[in-house]
Amino acid sequence: MLRLTRTTNLPDLREIEYEEGNDSLFALSNVGPEVFVSLHGDNYISRSLARNGSFEFETFERTLAHLGGPRDLLVDVGANLGTVTIPAAARGHAKQVLAVEADRLNYRTLMANLYLNDLQDRVVAINTAAGATSGELLEFQLSPENKGDHRVKHSSEPGAFGEEAWSTYRV
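Since we're looking at a predicted model, the values are computed, not measured.

> How would you explain the pairing of strand S5 (residues 71-77) if you had to name every residue and give the values?
Bridge count for S5 against strand S6 (residues 94-100) is six bridges, and the pairing is parallel. Residue Leu-74 lies in a different strand from S6, and its bridge partner there is Val-97.

Here it is in structure tokens:
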């Protein structure tokens, strides 16, 4: 069971009750400066959050420095659990963030993470996909082991990671 309770508007004062069972879908990570709800069964992004408190955020920071520093707006397409969105907003790298996440479970976890880190007023998250053409129907392939490796299906040919066997859905 995961229950988050806002006791005040101050981000440092929050009550977190978390009981993790063997069949739990979620895990709580507070290793780094931000707090994340992550997903059990995800062998990549959630595992990195649990161990390091982040997932490749240093790459984002180096890129941002190369581009000249903080931005007024960051658009994070494929926002996943918020591993770029949340620290970018929390650490002042972007004044506003638009987070786009197509997968429903990832989106719901992203929303929990926004509230957990008190960023719901600085981040707009939408549960949709971004394609090249407005109104385009996209078919997503769902990685069974890496919740951040869902991808748009481009071909029915065998892929390097066995993508042809992955389940799919249309957005």
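And the narrative resumes.
> Summarise the nonpolar core; cite the residues concerned and give the values.
Grouped together as the largest cluster of nonpolar side chains are 22 residues, with contacts concentrated most on Leu-114 and Val-123. Only strand S4 (36-39), helix H1 (45-52), helix H2 (57-66), helix H3 (85-90), S6, helix H4 (104-116) and strand S7 (123-126) provide two or more residues apiece to this core. Not counting residues up to four positions away in its chain, the partners in contact with Val-123 are Thr-85, Ala-89, Val-97, Ala-99 and Leu-114.

> Explain the sheet that holds S7 to me, using residue names and the numbers behind them.
Read across the open sheet, the three strands follow the order S5-S6-S7; overall the sheet is parallel. Pairing within the sheet leaves two strands with one partner each, and these edge strands are S5 and S7. Sheet twist, expressed as the average angle between the axes of neighbouring strands with direction ignored, equals 10°. As judged from the four bridges shared by S6 and S7, these two strands associate in the parallel manner. Counterpart to Val-97 in the pairing with S7 is Val-123. Together, S6 and S7 form the strand contacts of H4, whose direction differs from that of S7 by roughly 165°.

> Residues and numbers for the environment of Gln-120, please.
Mapped onto the secondary structure, Gln-120 falls in the loop between H4 and S7. Measuring from C-alpha to C-alpha, the distance between Gln-120 and Ile-86 comes to 9.9 Å, with 34 residues separating the pair along the chain. Non-local contacts of Gln-120, meaning those with residues more than four positions away in its chain, are made with Leu-114 and Tyr-115. Within the structure, the side chain of Gln-120 is placed 3.3 Å from the side chain of Asp-118, a separation counted as a polar contact.

Thresholds applied
- Residues numbered from 1 in each chain as written.
- Predicted model: local features only at pLDDT ≥ 70, side-chain atom pairs only at ≥ 80, totals over all residues.
- Heavy atoms only, no water.
- Pairing = 2+ DSSP bridges.
- Helix = DSSP H or I, 4+ residues; strand = E, 2+ residues; numbered from the N terminus.
- Core = buried A, V, L, I, M, F, W, Y, C linked by side-chain atoms within 4.5 Å.
- Buried < 20%, exposed > 50% of the residue type's maximum accessible area, 1.4 Å probe, protein only.
- Contact = heavy atoms within 4.5 Å.
- Axes fitted to C-alpha atoms, helices over the stretch in contact; angles between N-to-C directions.
- Polar contact = N/O pair within 3.5 Å; in protein donor to acceptor, adjacent residues only side chain to side chain.

Honestly, it's all geometry; don't read function into it.
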